[in-house]
Amino acid sequence: MPFAPSSSIARLPPYLFNTDHRHRVLTQLRSKATGLEKYIYLNGLKEREPNLFYEILLANMLEIVPILYTPTVGDACSNYSHIWRRPEGLYVTIEHKGHIREVLRQWHAGHSARIAVVTDGSRILGLGDLGANGLPISVGKLDLYVAGAGIKPATTLPICLDLGTNTTKFHDDPLYLGLRRRRPDTPEMDEFMHEFMEAMTEIFPQLLVQFEDFSTDNAFRYLDLFRNQYRVFNDDIQGTGSVVLSGFFNAARLSAAAAGTPLTDQRILFFGAGSAGIGVAKQLLSFFTLQGLSVEEAKSRIWTVDSKGLITADRKGLQEHKKFFARTDYDGPALTKLEDVINYVKPTALLGLSTVRNAFDEQVVRLMSSLNARPIIFPLSNPVSLCEVDYEDAIKWTNGSVIFASGSPYKTLEYNGKRYEPGQGNNMYIFPGIGLGAILAKARHITDSMVEQASIALASSLTDEEKKADLVYPRLVRIRDLSCQIALAVIRAAQKDNVDENLLFRNLSDEALLEYIRAKQWQPTTLNHHLPRL
Ligand SMILES: NC(=O)C1=CN([C@@H]2O[C@H](COP(=O)(O)OP(=O)(O)OC[C@H]3O[C@@H](n4cnc5c(N)ncnc54)[C@H](O)[C@@H]3O)[C@@H](O)[C@H]2O)C=CC1
Ligand SMILES: CC(=O)C(=O)O
Ligand SMILES: [Mg+2]
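This structure is a prediction, so every number in the text was calculated from the model and none was measured. (Residues numbered from 1 in each chain as written. Chains lettered and ligands numbered in written order. Predicted model: local features only at pLDDT ≥ 70, side-chain atom pairs only at ≥ 80, totals over all residues. Heavy atoms only, no water.)

Undergrad: Any details on the overall build of the chain? Residues and values, ideally.
TA: Helix and strand counts for the chain stand at 23 helices and 14 strands. In terms of overall size, the chain behaves like a compact globule, its C-alpha atoms giving a radius of gyration of 24 Å where 534 residues would be expected to give roughly 24 Å. Summarising its shape, the C-alpha atoms of the chain cover approximately 95 × 60 × 55 Å along the three principal directions. When contacts within the chain are restricted to residue pairs at least 6 apart in sequence, those whose partners lie at least 24 apart make up 73%. In the form shown here, the chain has an accessible surface area of approximately 22,300 Å², with 52% of it arising from carbon and sulfur atoms. Taking the 58 positively charged and 60 negatively charged side chains of the chain as two groups, their mean positions are separated by 3 Å. (Helix = DSSP H or I, 4+ residues; strand = E, 2+ residues; numbered from the N terminus. Rg over C-alpha atoms; globule rule 2.2 N^0.38 Å. Contact = heavy atoms within 4.5 Å. Areas by Shrake-Rupley, 256 points an atom, 1.4 Å probe, with all protein chains shown as cover. Lys, Arg positive; Asp, Glu negative; His and termini not counted. Charge placed at Lys NZ, Arg CZ, Asp CG, Glu CD.)

Undergrad: Hey, could you go over the pattern of salt bridges for me, with residue numbers and the actual values?
TA: Applying the stated rule across the entire model yields 36 salt bridges. Residues Arg123 and Asp213 are paired through a salt bridge, measuring 3.1 Å at the closest nitrogen-oxygen approach. Remark: Asp213 occurs in the loop between β4 (208-212) and α11 (216-226) and Arg123 occurs in the loop between β2 (115-119) and α9 (135-149); sequence separation between them is 90 residues. Taking relative accessible area as the criterion, Asp213 reaches 2% and is therefore assigned buried. For Asp329, the salt bridge is made with Arg327, and the minimal N-O distance between the two is 2.7 Å. Judged by its relative accessible area of 7%, Arg327 falls in the buried class. Salt bridges here are not isolated pairs; linked through shared partners, they connect Arg101, Arg105, Glu198 and Glu202. (Salt bridge = Lys/Arg side-chain N within 4 Å of Asp/Glu carboxyl O. Buried < 20%, exposed > 50% of the residue type's maximum accessible area, 1.4 Å probe, protein only.)

Undergrad: An account of the site of ligand 2 is needed here, citing residue identities and associated values.
TA: Taken together, Tyr69, Arg123, Leu125, Lys141, Glu212, Asp213, Asp235, Asp236, Asn382, Asn426 and Asn427 make up the full set of residues adjacent to ligand 2. Asn382 places a side-chain nitrogen or oxygen 2.8 Å from an oxygen atom of ligand 2. Protein burial of ligand 2: of its 210 Å² of free accessible surface, 91% is covered by the chains. (Near = heavy atom within 4 Å. Polar contact = N/O pair within 3.5 Å; in protein donor to acceptor, adjacent residues only side chain to side chain.)

Undergrad: Tell me about the UniProt feature "active site" (unreviewed entry) in the chain, residues and numbers included.
TA: As recorded in UniProt, the sites labelled "active site" (unreviewed entry) are Tyr69 and Lys141. For this annotated set, covering 73 residues, all C-alpha atoms fall within 7.3 Å of each other, a compact arrangement in space. Structurally, the position occupied by Tyr69 is in the loop between α5 (61-68) and α6 (72-78). For Tyr69, a relative accessible area of 4% translates into the label buried. Other than its neighbours up to four places away in sequence, Tyr69 contacts Lys141, Leu144, Asn426, Asn427, Met428 and Phe431. Residue placement: Lys141 occurs in helix α9. Look past the residues within four positions of Lys141 in its chain and what remains in contact with it is Tyr69, Val117, Gln210, Glu212, Asp235, Asn427 and Phe431. (UniProt positions renumbered as here; feature names shortened; annotations may be inferred.)

Undergrad: I'd like to hear about the packing of aromatic side chains, residue by residue, with values.
TA: Applying the stated criterion across every chain, the model contains 20 aromatic pairs. Joined through ring pairs, the aromatic side chains of Phe211, Phe214, Tyr222, Phe226 and Tyr230 make up one cluster. (Phe/Tyr/Trp six-rings, centres within 6.5 Å; stacked < 30°, edge-to-face > 60°.)

Undergrad: I'd like a description of the site of ligand 1, backed by residues and values.
TA: Near ligand 1 you find 25 residues, and of these Arg123, Thr216, Ala273, Ser275 and Gly425 are the closest. One nitrogen or oxygen atom from the main chain of Asp306 is found 3.4 Å from a nitrogen atom belonging to ligand 1. Taking Gly425, its main chain carries an N or O atom lying 2.9 Å from a nitrogen atom of ligand 1. Here ligand 1 has 860 Å² of accessible area as a free molecule, and 85% of this is covered by the chains. Residue classes in the shell around ligand 1 are distributed as 7 nonpolar, 15 polar and 3 charged. Both domains that meet at the shell around ligand 1, namely domain 1 (17-214) and domain 2 (238-425), each give it at least three residues. (Nonpolar A, V, L, I, M, F, W, Y, C, P; charged D, E, K, R; others polar. Domains from an automatic or database assignment.)

Here it is in structure tokens:
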């Protein structure tokens, strides 16, 4: 009989089985010159070989997360219409108003979504209104749900709501993928959002919705409107509040060790008072009240600054979300320079959520250092191009005493012969665990205490070695384990608040429940998955 190879075998190179395809993929990835090229390569890999993609992501978190997520996902969004290759998520547009159910039903065919990340593209990271180019932010967050919490890829649903864009340069770009129109007024957008949420709940009854990167007013507005009606949370307000509280808690412990200031006597200055800044301030306030302070006492520990300077109650036309923390105890001339505000407040902690690159300049950082043995400085704006201060500068200007966490990643460095490891204060530590816990508990709502307990679980998860290294966040490579611990805390809080529909968990011990959660995490392993698909 003559040898007759099957057509698929004939396509395989002869030595393929003796080589490590993972090694080949990493080599190809590393050969790309720019972050954006790496991003395109990785998303192509995910489409072709999803198991291999997630395996490589999990084994190389520190290298790959900054490509799929901040900072490079910022470039991907800015250029999305130009780098687009294939559909990666769902677009629901303002033109679908009146028949959103049908649009979702079409997508639903064979799709058992449990978690959707929904953006309207109006405030992507600190990059502003990117309209339909915002989809990669939903895709990137869901990659982290899979990698970080072990959510099954097939149950994730990235959505971009295309309501137009007020960034008019996109209207003139022949490659722009979205509607060429301005955003609707509030009543029209409200009608759209109500219809969208009703339709989502009808078509995907078990779905958890994460709102992401909505402009400030709408972020607060739709969280307030929908949080008691649907299974929904806002990552920028609640996820960020939760993750920054964790880091702040551990940072305050380190600063107390140096200066003796008790946690509840910390003085916190927020530079940036948008959805993230106010979200974090509210989370800190709630935590301080748990520590025994009254709301007024807790509020007195917090100062907020926006583009016009220190926010005071007597300022005319103050936006609604800024009113709660507006100071009533300052009646001098407006304090518009950050240094002047710092001299007045004498903060122990300076948190940046402003999108202003290098706002924490040498004078500001040195001033914080002169006021505190160990100043807490968290420049949390994303991506790196909008970060308030680089890690190296913060170390140099404080002679290594700074307690630092940034929104986007920085590398470990050496200064005066000592090794310094930065923290990454990013909601990516929190949302995968909140989502996992809420999905498993079948929580009807995401309550404040679920978010708060997630934060406490993360803060408590530092190992002795991590504490010894002065870390304020655990190492990212432990994210799967951290997500289990966070999910456990979230489930227990859901039970206390009676929003859990999966009552079986109520009879399990913490150990048994933790084991169950672990076993539920999806693993990227199938037979021969490291070979290309034929
Ligand atoms: N690290 C993390 O996990 C997260 C980081 N962020 C980042 O935080 C930043 C802000 O996000 P949002 O609060 O949603 O935006 P936003 O637009 O709601 O708020 C920005 C705030 O900064 C203030 N600001 C702008 N220019 C200023 C200036 N020159 N001086 C002082 N204040 C100024 C604005 O008045 C506003 O209060 C973004 O870069 C975003 O990527 C947001 C969510 C999570
Ligand atoms: C991290 C994040 O959610 C943001 O920068 O908007
Ligand atoms: Mg965000």
